[in-house]
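Analysis of the macromolecular model
Given next are the chains, with one letter for each unit.
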Amino acid sequence: MKPTDTSNPEYFHKVVDCQWGCPAHTDVPSYIRMIAQGQFSDAYMENRKSNVFPGILGRVCDRPCEPACRRGRVEDKPVAICRLKRVAADHRDDITERLPKAPEKTNGKKIALLGAGCASLTVANDLAPMGYEVTIFEALDTTGGLMRTNIPSFRLPPAVLDEEIGYILDMGVDLKLGHRINSMKDLLDEGFDAVFVGTGAPKGKNLEIPGRYDSDRIHIGIEWLESVAFEHIKEIGKKVLIIGVGNTAMDCCRTSLRLGADDVKVMARKPRGFFKASEWELEDAEEENVEILVNHSPKEFVYEDGKLVGMKFDLMEYNIEENGRIDRGTSTGEVVIPCDDVVLAIGQDNAFPWIERDLGIEFDKWDCPVVNETTMMCTRDGIFFGGDSAFGPKNIIWAVEHGHQAAISIHKYCHGEDLHDRLPMGLNLSTQKMGMHEWSYSNDYDGVSRQLVPHVGLKERFKKLNIEVELGFSAEQAAEEVERCLNCDIQTVFTESLCIECDACLDICPVNCLTITPNGEEQDIRARLKAPALNPDQALYVSGALPHTARVMVKDEDICVHCGLCAERCPTGAWDMQKSTILVPYAADEAASDQPQAATGGAAK
């Protein structure tokens, strides 16, 4: 094997699994250490650099970082990264003076953002401080998009939304509420230099089975949640069936309980292992005594004397293939489940009836725009998409990352630059040594279990629709949870020329992640390490030839816990613990790297 190229930022980035797993590349270990030191405002700002909405995401993020967390390889439960993000948001001081400010003079470039959801707001957050004249058009009379209309207030209080959205609007953004765009063609005629579409996936999927249109007690999930959010709906029947088992379904079932339902059942067509809902969303619903019935495929709505009284389901049986996929299943019988109301939460679709089909914007077979995944631009120059509008329903943190990338592209487009010529990620390495055997971080492995976040009691939480159920960590819990982080961004950096091959680091390593061995092919080396490296998705670190025997130092990054014992034990300083800071480029960084040139971009065309 060739020596590992640690100058490539991607190598150390992949070692920090939580940051690698986050679409926006939030520096998770850094802000957790700030929380450990009581630097809540600093932790909030570190979060905001990448994810823009720490208070919101600290409550409702889909947490792709947590399944990636290395702690989950040491024990069952990862670090509670999402809830620690909320700790920073809840305990920070006033940070308004630390936020980006719009310059007094604009650059003359006018950008239209459609929809006041997380994707558009991220674009505004990045472009307004650069002098762009940003206008947000929102069809509703309030901001937040699906964050406000589809996430219940008992999970995400409106005050949290208003505060973090306000930080962006206060940068001089022109917000036009109650201003629905009915024609892309007419909007383009207004002479904007670029247009960003962040209107979400506002159309709930229907269920075309017998009896669907014979009752007004059958609701489309996202439309129903929106009606509840705006208090158009204030009650529901005693027996409610929720069709579907994604995160929207979990919000629907828990909302039903708060509107007066006594018996709420979630009907899943497949086994539990194939649910789309996050595991913690399922746990929260089941804690509130929601019953989840698997292997029930909807067949028809059942009526008596013209009144909806139930639904008929096929009872399904499935075979799971060797590759983990499930077959289409076979029916083994039927069952009728009584109900007063049914909420359909089986997915969402994009809806673009307002985009004329003769503008050069191509749509695929699912009627979604064809969007470049790097630049976020569609097939017509100057028009960009992001969030659910671009690639279908995902989640908030993906929409934020789309917004960051779209902002870069919009800046380049407005200055006549190649949209694909983007700054690469950078890397800084800085030693954490403070003495002979002392580091600037807590490197002891702490065996404490994951903390359980306190909740409002079952009796209390149903009294009002807007009682926030999760209370967040106490200071004591936060202090315990931060110590569970393994500091994966503090890298074990090796200098082979200093190694005397004394094996001291091998002897002291608590997880046997180090081996000195003759070089060879990767598969061969993986098999003869002290602890065989069984995860091919995580790279091996391989040094150059050691000076005395020409063997190589091999490290299995997959099982290292970044304890620093190898560096403490090494008599020659061949090992060092160094913080790897991944430098993620944003639109402002692209602007700073620009050579002086005349702005040549024109209106979106």
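Rules used in this analysis
- By convention here, each chain's residues receive numbers from 1 onward along its written sequence.
- For this predicted model, a pLDDT threshold of at least 70 governs which residues receive local features, and a threshold of 80 or more governs which side-chain atom pairs are given and counted, while totals over whole chains, interfaces and linings are taken from all residues.
- Only hydrogens and water are set aside when side-chain values are computed; all heavy atoms of the structure are taken into account.
- Counting from the N terminus, the helices are the DSSP runs of H or I reaching at least four residues and the strands are the DSSP runs of E reaching at least two.
- Expected span, for any helix, means 1.5 Å times one less than how many residues it has.
- Throughout this description, buried means an accessible area under 20% of the type-specific maximum (1.4 Å probe, protein chains only), exposed means over 50%, and partly exposed covers the range between.
- Contacts were defined at the residue level, with two residues in contact if any of their heavy atoms lie within 4.5 Å.
- Where a domain begins and ends is set by an automatic assignment or by a domain database.
- Put simply, buried area is the surface a 1.4 Å probe can reach on two separate parts but cannot reach once they are joined, added for both.
- Should a side-chain nitrogen of Lys or Arg be within 4 Å of a carboxyl oxygen of Asp or Glu, the pair is scored as a salt bridge.
- Two N or O atoms form a polar contact when they lie within 3.5 Å of each other; inside protein one atom must be a possible hydrogen donor and the other a possible acceptor, and for residues adjacent in sequence the pair counts only when both atoms belong to side chains.
- Only strands that DSSP links by at least two bridges are regarded as paired with each other.
- To obtain each axis, a line is fitted to C-alpha atoms, and for helices this fit is confined to the stretch in contact; angles are then taken between N-to-C directions over 0 to 180 degrees.
- Per-residue confidence from the predictor is reported as pLDDT, which spans 0 to 100.
- Any angle between 65 and 115 degrees counts as roughly perpendicular, while under 35 counts as roughly parallel, over 145 as roughly antiparallel, and the rest as oblique.

Brief notes about helix α4 (residues 40–51)
Helix length check: α4 (twelve residues) gives 16 Å between terminal C-alpha atoms against 16 Å at 1.5 Å per residue, within 8%. Counting buried residues along α4, nine of its twelve residues qualify, which places the element largely inside the surrounding structure. Among the residues making up α4, those that are buried are Ser41, Ala43, Tyr44, Met45, Glu46, Asn47, Arg48, Ser50 and Asn51. Turning to α4, the residues buried within the fold contact α3 (28–36), α5 (54–60), α8 (81–91), α9 (118–127), α11 (158–169) and α17 (396–414).

Overview of the domain arrangement of the chain
For the chain, the assigned domains read domain 1 (106–202 + 366–414) and domain 2 (205–348). On a C-alpha basis, the centroid separation for the pair domain 1 and domain 2 is 32 Å. If you look at the interface, domain 1 gives 13 residues, while domain 2 gives eleven residues. When the buried surface of domain 1 facing domain 2 is broken down by residue, Asn150, Phe154 and Arg155 rank first, second and third, together holding 48% of it. The shortest N-O distance in the salt bridge between Arg155 and Asp251 comes to 2.8 Å. Along the contact surface separating domain 1 from domain 2 lie five residue pairs in polar contact (both at pLDDT 80 or more).

Focus on the sheet that holds strand β9 (residues 291–293)
On the basis of which strands lie adjacent, the open sheet formed by five strands has the order β6-β13-β7-β8-β9 and parallel pairing. Each having just a single partner strand, β6 (218–220) and β9 make up the two edges of the open sheet. This sheet shows a mean twist of 20° between the axes of neighbouring strands, independent of strand direction. Bridge analysis of β6 against strand β13 (residues 341–344) gives three bridges, and the strand direction is parallel. The residue bridging Ile220 from the neighbouring strand is Leu344, located in β13. Across the sheet, helix α13 (residues 221–229) lies against β6 and β13, angled at about 90° from β6, the strand it touches most.

Section: the pairing of strand β4 (residues 194–197)
By the alternation rule, side chains of β4 split into Ala194 and Phe196 and Val195 and Val197, which are all buried. Strand direction decides the pairing type here: strand β1 (residues 110–114) and β4, joined by four bridges, are parallel. Directly across from Ala112, in β4, lies its bridge partner Val195. As defined by bridge partners, β4 adjoins strand β15 (residues 383–385) across three bridges and the pair is classed as parallel. Following the sheet pairing, Val197 is matched in β15 by Phe385.

Regarding the confidence of the model for the chain
Any segment with low pLDDT has predicted coordinates that should not be analysed in fine detail. Per-chain confidence: the chain averages 94 in pLDDT, with 98% of residues scoring 70 or above. Scored below 50 in pLDDT, residues 597–601 makes 14 contacts in the model with residues more than four places away or belonging to other chains.

Side note on the pattern of salt bridges
Oppositely charged side chains can form a pair if their charged atoms are brought close together. Scanning the entire structure with this criterion turns up 47 salt bridges. Notably, a salt bridge pairs Lys579 with Asp27, separated by 2.9 Å at the nearest N-O pair. Here Lys579 is found in strand β23 (residues 575–583), whereas its partner Asp27 is found in the loop between α2 (17–21) and α3, with 552 residues between them in sequence. For Lys579, a relative accessible area of 8% puts it in the buried group. The exposure class assigned to Asp27 is buried, which follows from its relative accessible area of 7%. If you follow the salt bridges from partner to partner, you end up with Arg254, Arg258, Asp284, Glu287, Glu288 and Arg461 in one network.

Quick look at the packing of α4 against α17
Where α4 contacts α17, the two axes come as close as 9 Å, and the packing angle between them is 70°. On the basis of their axis angle, the class for α4 and α17 is roughly perpendicular. Within the contact between the two elements, α4 uses Lys49, Ser50 and Asn51 and α17 uses Ile397, Val400 and His404.

Things to note about the side chain of Gln491
Mapped onto the secondary structure, Gln491 falls in strand β19 (residues 490–494). In contact with Gln491, not counting residues within four places along its chain, are Phe12, Val15, Val16, His562, Asp576, Met577, Gln578 and Ser580.

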